[in-house]
Amino acid sequence: MSEINLDDLVKPGASEVHRDVFLCQDVFAQEMKTVFRNTWVYVGHDSQAPNKGDFTTTAIGTQPVIMVRHTDNTIQVLLNRCPHKGVQLVNDPSGSTGRFFRCPYHAWSFKTDGSPLGIPFKKGYEDTGFDTSCAKKGMCKVANVKNYRGFIFARLSEEGESFEDFFSGSLSSIDNMIDRSPEGRLEIVGPPLRYLHHCNWKMLVDNQTDTCHPMIAHESSAGTVTKIWNAVANEDTPKPMVVELVLPFMSSYETFEKMGIRTWDHGHGHTGVSWSIHSEYSDVEGYFSAMIEAYGKERAEEIIAETRHNTCYFPNMMVKGAIQTLRLFKPIAADKTIVESWIFKLVGAPDTFLKRTAMYNRIINAPTSIVGHDDLEMYERAQEGLKTDANPWVNMQRHYREDELGGERVHPGTSEVQMRNHYVSWAKYMGQINEKGAGS
Amino acid sequence: MSVSENDIIDFIYAEAALLDEHKFGDWLELFTDDGVYWMPLEFGQTEEHLTTSLMYEDKLLLTVRVERLSGERTFSQRPKSRCHHILQRPQILEMGEIIKTKTAFHYTETRLDEQFFLVGWAEHVLRQTDTGLKIVRKQVNLINPESAHRNIQLFV
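Rules used in this analysis
Residues numbered from 1 in each chain as written. Chains lettered and ligands numbered in written order. Predicted model: local features only at pLDDT ≥ 70, side-chain atom pairs only at ≥ 80, totals over all residues. Heavy atoms only, no water. Helix = DSSP H or I, 4+ residues; strand = E, 2+ residues; numbered from the N terminus. Buried < 20%, exposed > 50% of the residue type's maximum accessible area, 1.4 Å probe, protein only. Contact = heavy atoms within 4.5 Å. Areas by Shrake-Rupley, 256 points an atom, 1.4 Å probe, with all protein chains shown as cover. Lys, Arg positive; Asp, Glu negative; His and termini not counted. Charge placed at Lys NZ, Arg CZ, Asp CG, Glu CD. Rg over C-alpha atoms; globule rule 2.2 N^0.38 Å. Pairing = 2+ DSSP bridges. Domains from an automatic or database assignment. Buried area = accessible area lost by both parts, 1.4 Å probe. Salt bridge = Lys/Arg side-chain N within 4 Å of Asp/Glu carboxyl O.

## Focus on the overall build of chain B
- If you tally the helices and strands in chain B, you get 3 helices and 7 strands.
- For chain B, the N- to C-terminal ordering of α and β elements is α-α-β-β-α-β-β-β-β-β.
- Principal-axis analysis of the C-alpha atoms gives chain B an extent of 45 × 35 × 30 Å.
- In chain B, which comprises 156 residues, the share counted as buried stands at 49%.
- Counting contacts in chain B only where the partners sit at least 6 residues apart, residues at least 24 apart contribute 59% of the total.
- A total accessible area of about 7,400 Å² is found for chain B, and carbon and sulfur atoms account for 49% of it.
- Both charge centroids of chain B, one from 17 positive and one from 25 negative side chains, sit 6 Å from each other.

Following this line, the structure appears as structure tokens:
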């Protein structure tokens, strides 16, 4: 592998980014050893493992992990391999393992915190030096796990920023999503939509805060809804839920410009500071009164008025608090990404919210979604188009200013600043090379 | 006006043929105004609204899809997709005011160099109207709804 020089890949301020960031498999391999090791990556939600022994399987970058509720009720994140021969201990997307994991190959067993429980016919390991082996220690465990109000994040590397320092003010978007439940509690509902893209995972991340594409790329989907609706309705016609969800995609540049973008350190940021495409959904009967009862009028109004659009959490997660969805952009290879789109129920809120959330998810995020078709076409054309030798640069200069980043800042809504924020952090973490394995 | 079992079987075959021949406008006409096309996300899913589905399309959304397919700025249809249905002989489950059928399918969709294959069964609910048989509901059950799919752009 040739040496990767980050200065050749990301220009100062990330105003331009080299195509190898998206195309090169060596860059991808380094991302897996740096960006996805040194940062707090979203693993899952604790409502997916409500009882002791409940687990889900997922990946941190390309590292297969199990998220499991241990007998002491804590959520543990374990590397999904038997320390013996490497067999994955479980491979269902979710399930219950009871009090321990038992390898299906040779019946080695482990407690749900990864510690060794038993090996059949163990005397064969006497006087073999087994006591000093990696295998003896049990399953590898991710040492740094944080349960933030039900959201589970993990950092593979031993050293790095604390959870609070890494996310700083950006946690306010997750807070808002949770606070929208009168009980302050969310539950994952159903399996995720899973959507395979033949493009780099960062193209999807970039698109989450790209406010200059909806009215163009989605003219075919959102534009067609608008056209058909306008032909049958006037301003007073009550909008069906689906029309209410899709029409705002066709908002003007000026509208998106005014809504603003907020950035935080370490690559996090969100669109929709003062307004968003989620701001004008109809009221749901019974909700506001439940919120007032839970929080008091002033606080309830404040929570509901905060209708942020997309909040990107570095490196590969996005939440929409106002519609209770979460998308995870899972890297598979430089040119292969699986997008998972999850939905949450606001515990204690009327079912209309969950109906709206489920509708949004299938209309916008499904592999059968016409909006998804528009986007995938653009990403994959970019993945192909970037093979052009004549120009190796991806341009991200819209509204670029030197010294635009640092702490919490608000920018014009059509700025590509959050993309730049992402790549400035990306370059920083790519430079932190540490070959050590995770955990024990 | 009564319909025979053969009329119903012919109707199901003809419906798939309209899709394979890209006569999407004619296909849309087969649905009643309150017709629904549903593709669940979970194998065996019964909940329609309070969990995610792959598709749950009323006539308005089906109309949007059909119109979009021929739109000038529908870039994901340049070039266009093609599809093909192989159906097993439909089973008639219920014959009355409401007619219910179940039909196993092998569906292929292709665009450019890509081709994929979906397998499952469709459950139709049909109603006799003044203008012939109409689809009140078409439920498409894939055997792998939870898989990481690529774009599915046409209609199974």
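Now that the structure has been shown, we can carry on.
## Quick look at the overall build of chain A
- The helix and strand tally for chain A stands at 16 helices and 20 strands.
- Since a compact globule built from 440 residues should have a radius of gyration of about 22 Å, the 23 Å found for chain A is in line with a globular shape.
- Dimensions of chain A along its principal axes, counting C-alpha atoms only, are 85 × 60 × 40 Å.
- Per-residue burial over chain A gives 57% buried out of 440 residues.
- Across chain A, contacts joining residues at least 24 apart in sequence account for 68% of those joining residues at least 6 apart.

## Here's the deal with the pairing of strand β5 (residues 75–79) of chain A
All names here are of chain A.
- Extensive coverage of β5 is indicated by the burial of 5 of its 5 residues.
- Bridge count for strand β4 (residues 63–69) against β5 is 5 bridges, and the pairing is antiparallel. Along β5, the bridge assignment pairs Arg69 with Ile75.
- Between β4 and the antiparallel strand that follows it, β5, lie 5 residues; Asn73 among them carries a positive phi value of about 80 degrees.

## Section: helix α7 (residues 201–208) of chain A
- The element α7 of chain A is extensively covered by neighbouring structure, given that 8 of its 8 residues are classed as buried.
- For α7 of chain A, every residue scored as buried is listed here: Trp201, Lys202, Met203, Leu204, Val205, Asp206, Asn207 and Gln208 of chain A.

## Some words on the domain arrangement of chain A
All names here are of chain A.
- For chain A, the assigned domains read domain 1 (41–148) and domain 2 (169–430).
- Taking only C-alpha atoms into account, the centre of domain 1 sits 34 Å from that of domain 2.
- Taken together, the contact between domain 1 and domain 2 spans 10 residues of the former and 16 residues of the latter.
- Surface buried jointly by domain 1 and domain 2 totals about 1,000 Å² across both partners, of which 67% is contributed by carbon and sulfur atoms.
- Of all residues in domain 1, Tyr42, His45 and Tyr148 bury the most surface against domain 2, accounting for 53% of the area lost on that side.
- At the surface where domain 1 touches domain 2, the tally comes to 0 salt bridges.
- Looking at the side of domain 1 that touches domain 2, the elements that each hand over two or more residues are β2 (41–45) and β3 (54–60).
- With 3 residues, β2 is the single largest residue contributor to the side of domain 1 that touches domain 2.

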